Amino acid sequence: MPPEGYHVVRQHIRRNPRPRGKKLGGWTIAGLVAVVWLWGQVFGFEAEADRPASPSPSPSVSASPNR
């Protein structure tokens, strides 16, 4: 009889499998990243488009006018 937490498989004593939680696998995470990236390529991100990137640059005080 094997000890508690073990079972016999083909004359070998093996540890019982542990219960798995609800973890995301590597392929699942890669798939989610790809979906977000494709969504941004097809539909764009509206929140970033509404905001101006940066104020337009103005010439400095020491700049001389072109003649």
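Undergrad: For this particular structure, what's the right way to read the overall build of the protein chain?
TA: A tally of helices and strands in the protein chain yields 2 helices and 2 strands. Within the protein chain, buried positions represent 1% of all 67 residues. Within the structure as shown, the protein chain displays about 7300 Å² of accessible surface, and the carbon and sulfur contribution to it stands at 60%.

Undergrad: In this structure, what is going on with the confidence of the model for the protein chain? I would like to understand it.
TA: Where the model shows low pLDDT, its predicted coordinates should not be examined in detail. Taken over all residues, the pLDDT of the protein chain has a mean of 79, while the share at 70 or more is 73%. Here helix α2 (residues 46–50) is the element of the protein chain with the lowest mean pLDDT, 55, and helix α1 (residues 26–42) is the one with the highest, 93.

Undergrad: Can you help me understand α1 in this one?
TA: Every α-helical turn comprises 3.6 residues, leaving residues that sit three or four positions apart pointing alike. Helix length check: α1, at 17 residues, gives a terminal C-alpha distance of 24 Å against a target of 24 Å (1.5 Å per residue), a fit within 8%. Phi turns positive one or two residues past the end of α1, at G44, with a value near 75°.

Undergrad: Please explain a nonpolar patch on the surface as it appears in this structure.
TA: Together, L24, I29, L32 and V33 make up an exposed nonpolar region whose accessible area comes to about 380 Å². As for its position among the elements, L24 is in the loop between β2 (12–15) and α1.

Undergrad: Sorry if this is basic, but what is going on with the packing of aromatic side chains here?
TA: Ring pairs (aromatic) are described by centroid distance and by the angle formed between their planes. Within the structure shown, the criterion is met by 1 aromatic pair. Each ring, one from W39 and one from F43, has its centre 4.5 Å from the other, and the planes form 45°; the classification is tilted. Judged by its relative accessible area of 52%, F43 falls in the exposed class.

Undergrad: Which parts of the structure should I look at to understand unusual backbone geometry?
TA: Its identity as a non-glycine residue notwithstanding, R10 has a phi of 50°, on the positive side. Here R10 falls in the exposed class, since its relative accessible area comes to 76%. Not every positive phi belongs to a glycine, and Q11 is a case in point at roughly 70°. Turning to its location among the elements, Q11 is positioned in the loop between β1 (6–9) and β2. The exposure class of Q11 is exposed, given its relative accessible area of 76%.

Cut-offs and rules
- Residues numbered from 1 in each chain as written.
- Predicted model: local features only at pLDDT ≥ 70, side-chain atom pairs only at ≥ 80, totals over all residues.
- Heavy atoms only, no water.
- Helix = DSSP H or I, 4+ residues; strand = E, 2+ residues; numbered from the N terminus.
- Buried < 20%, exposed > 50% of the residue type's maximum accessible area, 1.4 Å probe, protein only.
- Areas by Shrake-Rupley, 256 points an atom, 1.4 Å probe, with all protein chains shown as cover.
- pLDDT = per-residue confidence, 0-100.
- Expected span 1.5 Å × (residues − 1).
- Patch = residues over 30% accessible without salt bridge, like charges linked within 9 Å, V, L, I, M, F, W, Y side chains within 5 Å.
- Salt bridge = Lys/Arg side-chain N within 4 Å of Asp/Glu carboxyl O.
- Phe/Tyr/Trp six-rings, centres within 6.5 Å; stacked < 30°, edge-to-face > 60°.

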